[in-house]
Amino acid sequence: MTVLDSKVPGGPLEKKWDQHKFDLKLVNPANKRKFSVIVVGTGLAGASAAASMAELGYNVLNFCFQDSPRRAHSIAAQGGINAAKNYPNDGDSIYRLFYDTVKGGDFRAREANVYRLAQVSNNIIDQCVAQGVPFAREYGGMLDNRSFGGAQVSRTFYARGQTGQQLLLGAYSALSRQVGEGNVKMYERREMLELAVINGKARGIVCRNLVSGDVESYTADAVVLATGGYGNVFYLSTNAMNSNVTAAWRAHKQGAFFANPCFTQIHPTCIPVSGDHQSKLTLMSESLRNDGRVWVPKKKGDTRPPEQIPESERYYYLEEKYPSFGNLVPRDVASRNGKIVCDEGLGVGSGQSVYLDFADAINRLGEDVVRARYGNLFDMYHHITDENPYKMPMKIFPAIHYTMGGLWVDYNLMSTIPGLFVLGEANFSDHGANRLGASALMQGLADGYFVLPYTIGGYFAGTELEDVDNNHSVLKDLENQSTEKTNKLLTINGKRTVDDIHRELGKLLWEDCGMARNEAGLKDAKEKIPKIREEFWQNVKVPGEAGEFNQELEKAGRVADFLEFGELMVTDALDRKESCGGHFREESQTEEGEALRDDENYAYAAAWEFQGVDKESTLHKEPLTFEHVKLTQRSYK
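All values derive from a computational prediction rather than experimental measurement.

(A) Spatial organisation of the nonpolar core. Ranked by size, the top nonpolar core spans 145 residues in total, and within it Met 53, Ile 81, Leu 420 and Ile 456 carry the most contacts. For this core, the element with the most residues is helix α16 (residues 551-575), which contributes 12 residues. Setting aside its immediate chain neighbours within four residues, Ile 456 contacts Val 37, Met 53, Tyr 58, Ala 222, Val 224 and Phe 421.

Here you go:
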C-alpha cells in the first residue's frame, strides 16, 4: 500500500512554515528562467500563482476555458476574506483563526496546513491593498471588518457584496502585467482533457481549443491545477454552469489520489429552487446573516404574509438553539437546522425555505446603512425574485456551494504525482468537513501568492528533469484517446440530452448523498449510478461536430466525468460511517440531533486511488492528529 507522506515539518506549530521555507532548496534567479510551469485555471489561486511565479522569473503557460481570465468563478464570491489582523481589537489572533477553522471543519483537516493558512492571511490583505483592491473602510479611513459564521470576532475584510470580483481584478492586474512582460503566455478558451505523466512526473497537458475544436498538447517542468470544485455534480448548485471536475478527475485517473470526495459545502443562504426549468442556483452571501435574522412561523402551514405574523408567533430557531453564536453559527449547522424546520412543516413559500429578515437592522441602522453594506446583494435578490428585501424578508434555503474534497496534496501542495501541484478548491487540505465563510478566498490567495512560489522551487531544485517536447509519444497517445472519446460521444446519437442525464444524476446525489444520508440510500445510489452512466453512453444526444465551437460537446465530456466521480463520492460517503460537518449520517447523531463524529475510527483523510471505471477504488488513509486543538464535540451554544 502506498504510504501517504504529508511532509509536514517538525518543530513547534507556529515555526513549521518559516523553518520549512528556510529548509527548502532554492533556485537562483538566473536559473529560474530555465524552468517552465503550466497553470490550469485563472481564478484567485491560478491567477495569483501564475503572476507570482512569473514575477520570480519562471516561464508560465496559463490556461482557462473562459474567454478571459477575469471570468473565472472566483468573481462569484460575495461576502469577504478572513485575516487575523485584529483591527477591531476584539480578541482575534492567528491562533484563534487557526482554532476556529479546525473546529469549524469538525476536526477533519490537517493542523499544520490550517495554521499556515492563518499565518499568511495577514500578508494577503497587505498584498491586495497594495494592488488597489477597494476594501470597505470605516469613516476614519481604516479597513472595516464584519463577522461571519463560526467565529465570535470580526475578521472578514470585504468589498460590499462583490469581494471575490475585486480580489480577482487585483490578481488579474498582476497577471496581466506578466503577460505584457512576456513571462506568461495566456491560452484562453482551452479545456484540459488529459494530464501527461512522463517517466513518473507530471510534464504536460492535452487540451481542446473550444473555438476551433483542435486538440493541442503543451509541456512544462511542472503542472499546477487550480481548477475549482466539483459542486456541479449535483446539477443544481451555486457554481457557474461550466464549473466541473474534469481536470482533477483526469489527473486522478493518471494516479493522483482523490481525498474526501463526499465532503461538500452546504450553504444556508441560497435563493430556493423554483422549478425544473432551473440550471443553477443563486447564492445570497453569508454576510447577510450579520444583520439578517433567520426565522419561520411557529405554527405549521402558516400562510400569512410575514409582516402579519407577530413576534410571539415567530421561531428564531438559530438564536434560540445557539444563543452564543445565534445567526452566525457555521454553515453546516445553519443549513441542517434550516432543513429540519422545513421537514417539520414550518417552511415558508413552497415549504422549502425560511425567512432572512432585515426589518430589525433597518429599524436600528437605517435603510441607507443596510444599502451601503449589502445593496448589490439586495438588488440581485430583487431582480431574481421580484420581491423587495427592504420591505419583506428574503426567502432562503440550503444549497450545494463549495467542495472541501479534492486531490490529495502534501504540505508542499504536491499531489501523489510528482510535479503535479494542486491549489485552492481543487485540493482537499485546509477545510476539513466544513468550510468557514470567507475562507475560500483566503485559501486560494494563500496558495498562489505565498505557498506555491516557495514549494515549487524546492521541487525544481531537488528533481532531475529530462527534456520533453510537445511531440512526445505519451502526448500523442493521449491526443488519440481524446479524439476517440470525442468521436464516440458524437456518434451515439441517442434520445436524451446531456442536461437531462446530468439532472437525473444530480437529484439522486442530492437525495442520497446530500445534507442527510444513510446506509440504505447510499447503497441505492451506488447501484443506480452505473446504470445512469450506461444510459449516458448508449442514449445521449450530442449534436454538432468535433472541429467547431460545440458547447454541447463540452458539457458531454464534463458530465461523463461527473458520472464516474459521483460513484466515488458515494463510495467515500458509505465508508465514512460518522456524521461530521455538513455530512449528516442519520445513524450517527447525538441525543439532541447534532452531528456525532467517530474520532476513534474516522480521524483520517480518505485518499482514493483509481483502479478503473468499473473497479473499486483503493482507500488510503492519512491519519489526522490534533496536538494543538483538542478533539471535542462541537458546540455553538
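(B) Representation of the domain arrangement of the protein chain within the structure. As assigned here, the protein chain comprises domain 1 (266-399) and domain 2 (473-623). Look at where the C-alpha atoms of domain 1 and domain 2 centre, and you get two points 31 Å apart. Each partner contributes to the interface: domain 1 provides 8 residues, whereas domain 2 provides 11 residues. Together, the buried faces of domain 1 and domain 2 total about 870 Å²; carbon and sulfur atoms form 59% of this surface. Among the residues of domain 1 in contact with domain 2, Ile 266, Asp 276 and Arg 336 are the three that bury the most area, contributing 54% of the side total. Taken together, domain 1 and domain 2 are joined by 1 salt bridge. Summed over the shared surface of domain 1 and domain 2, the number is 3 residue pairs in polar contact (both at pLDDT 80 or more). The dominant element in the side of domain 1 that touches domain 2, judged by the number of residues it contributes, is helix α9 (residues 331-343), at 4 residues.

(C) Layout of the side chain of Asn 337. Inspection of the secondary structure assignment puts Asn 337 in helix α9. A polar contact is formed between the side chain of Asn 337 and the backbone oxygen of Val 333, at a distance of 2.8 Å. With residues up to four places along the chain from it excluded, the contact list for Asn 337 reads Tyr 317, Leu 318, Lys 321 and Tyr 322.

(D) Up close: the pattern of salt bridges. Inspection of the entire model under this criterion finds 53 salt bridges. Notably, a salt bridge pairs Arg 314 with Glu 311, separated by 3.3 Å at the nearest N-O pair. Look at Arg 314 and you get buried, because its relative accessible area is 11%. By relative accessible area, Glu 311 is classed as partly exposed at 45%. Here Arg 496 ties to Glu 504 by a salt bridge, and the two come within 2.9 Å at their closest N and O atoms. For Arg 496, a relative accessible area of 18% corresponds to the buried category.

What counts, and at which threshold
- Residues numbered from 1 in each chain as written.
- Predicted model: local features only at pLDDT ≥ 70, side-chain atom pairs only at ≥ 80, totals over all residues.
- Heavy atoms only, no water.
- Core = buried A, V, L, I, M, F, W, Y, C linked by side-chain atoms within 4.5 Å.
- Buried < 20%, exposed > 50% of the residue type's maximum accessible area, 1.4 Å probe, protein only.
- Helix = DSSP H or I, 4+ residues; strand = E, 2+ residues; numbered from the N terminus.
- Contact = heavy atoms within 4.5 Å.
- Domains from an automatic or database assignment.
- Buried area = accessible area lost by both parts, 1.4 Å probe.
- Salt bridge = Lys/Arg side-chain N within 4 Å of Asp/Glu carboxyl O.
- Polar contact = N/O pair within 3.5 Å; in protein donor to acceptor, adjacent residues only side chain to side chain.

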